[in-house]
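Architecture at a glance
What follows is each chain in one-letter form.
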Amino acid sequence: MGKKRIMLVGLLVLSTILAACGSYKFEPEMSIDVEDFSFTNQNNEQVSLDSLKGKPWLAMFIFTNCNSICPPMTYNMTDVQKSLKDEGVKDYQIVAFSVDPEVDSPDVLKDYLTTYSVIDDSKWQLLTGYKQQYIEQFARKSFNSLVKNDPNSDQVVHMSSFYLVNADGVVVKDYDGATNVPVETIVADMKALTK
């Protein structure tokens, strides 16, 4: 009698775990509309908010001359992309807004991307073609993110977050993009938004 009861409890626990695995529920943590934009990517093509709508995307703020957090952020995003591929997620984009647009021309951005092991560069939109002051207010209004030019150096102060934007162009979540990147959570959230 005792063994049967233990087996029954074990089966109930196992079925609960299996049921939970198949029913991940995405919980948005914020709701910020990305303001309308049309910028130039690393291939000299125009990318707009409208052209990104219809599928979720991950956003980040970086610049090619960065000597601190941008290299690990970009590397971490390539890891996220590998995990997305492993999980069969296909309908997404990765959007990187340059916070140093005077230096980061499309060609410079294209060269920058080639220094990383990107498995599918067609998913990446590295954007430029605006003024420094513009990206500062755009980051604040659209992502609640800090971008600030450092007048004493060639560096730009900016946040190290990855931002999840849904198919309607609304920022719904952010994650640490530099250290302790929650890759599994990002992939689960992207999968939930692509269904």
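Residues numbered from 1 in each chain as written. Predicted model: local features only at pLDDT ≥ 70, side-chain atom pairs only at ≥ 80, totals over all residues. Heavy atoms only, no water.

1. Quick look at the pattern of salt bridges
What counts, and what does not: Just to be clear on terms, a salt bridge is a Lys or Arg side-chain nitrogen sitting within 4 Å of an Asp or Glu carboxyl oxygen. To qualify as a helix, a DSSP run of H or I must reach at least 4 residues; to qualify as a strand, a run of E must reach at least 2; elements of each kind are numbered from the N terminus. Using a 1.4 Å probe on the protein chains alone, a residue whose accessible area is under 20% of its type maximum counts as buried, one over 50% counts as exposed, and one in between counts as partly exposed.
Per the stated rule, a full pass over the model turns up 3 salt bridges. Note that Lys148 and Glu136 form a salt bridge whose closest N and O atoms lie 3.9 Å from each other. Taken together, the residues span a long stretch of sequence, with Lys148 in strand β7 (residues 147–149) and Glu136 in helix α5 (residues 132–143) at a distance of 12 residues. For Glu136, a relative accessible area of 15% corresponds to the buried category. In this structure, the salt-bridge partner of Asp189 is Lys173, at a minimum N-O distance of 2.8 Å. Residue Asp189 is found in helix α6 (residues 183–194), and its partner Lys173 is found in strand β10 (residues 170–176); the two are separated by 16 residues along the sequence. On the accessibility criterion, Asp189 (0% relative accessible area) is buried.

2. A closer look at unusual backbone geometry
The phi angle at Asn44 is positive, at roughly 65 degrees, despite the residue not being glycine. Examined against the element boundaries, Asn44 turns out to sit in the loop between β2 (38–40) and β3 (46–48). Positive phi, close to 55 degrees, is recorded for Asn144, a residue that is not glycine. Residue placement: Asn144 occurs in the loop between α5 and β7. On the basis of relative accessible area, Asn144 is assigned to the exposed category, the value being 60%.

3. Considerations on the nonpolar core
For clarity, the threshold we go by: For this analysis, a nonpolar core means a set of buried residues of the types Ala, Val, Leu, Ile, Met, Phe, Trp, Tyr and Cys, connected via side-chain atoms within 4.5 Å. The contact criterion used is simple: two residues touch if any of their non-hydrogen atoms lie within 4.5 Å.
Within the largest apolar cluster, 55 residues are counted, with the highest numbers of intra-cluster contacts made by Phe37, Trp57, Phe61, Phe97 and Phe143. Of the residues forming this core, the biggest block, 6 residues, is contributed by strand β4 (residues 57–62). Look past the residues within four positions of Phe61 in its chain and what remains in contact with it is Met73, Phe97, Val99, Ile135, Phe138, Ala139, Phe143, Ser145, Val147, His158, Met159 and Tyr163.

4. Observations concerning a nonpolar patch on the surface
Defined as follows: Residues forming no salt bridge and having over 30% relative accessible area are the ones grouped into patches, like charges within 9 Å of each other and nonpolar side chains (Val, Leu, Ile, Met, Phe, Trp, Tyr) within 5 Å. Calculation of accessible area relied on Shrake-Rupley with a 1.4 Å probe; when residues are assessed, cover is drawn exclusively from the protein chains displayed.
Taken together, Leu146, Val157 and Met159 make up a surface patch of nonpolar side chains, about 240 Å² in accessible area. Relative to the helices and strands, Met159 is located in the loop between β8 (156–158) and β9 (161–165).

5. Digging into the packing of aromatic side chains
Here is the rule: Two rings belonging to Phe, Tyr or Trp (six-membered ring only in the last case) form a pair when the distance between their centres is within 6.5 Å. Interplanar angles under 30 degrees mark stacking, angles over 60 mark edge-to-face geometry, and anything in between is tilted.
Under the criterion given, the structure shown has 20 aromatic pairs. The interplanar angle of 80 degrees and the centroid separation of 5.6 Å between the aromatic rings of Phe37 and Phe97 together place this pair among those described as edge-to-face. On the criterion of sequence distance, the pair formed by Phe37 in the loop between β1 (32–33) and β2 and Phe97 in strand β5 (residues 93–98) is long-range, its members being 60 residues apart. Assigned by exposure class, Phe37 and Phe97 land together as buried. One aromatic cluster is present, formed by Phe37, Phe39, Trp57, Phe61, Phe97, Tyr130, Tyr134, Phe138, Phe143 and Tyr163 through successive ring pairs.

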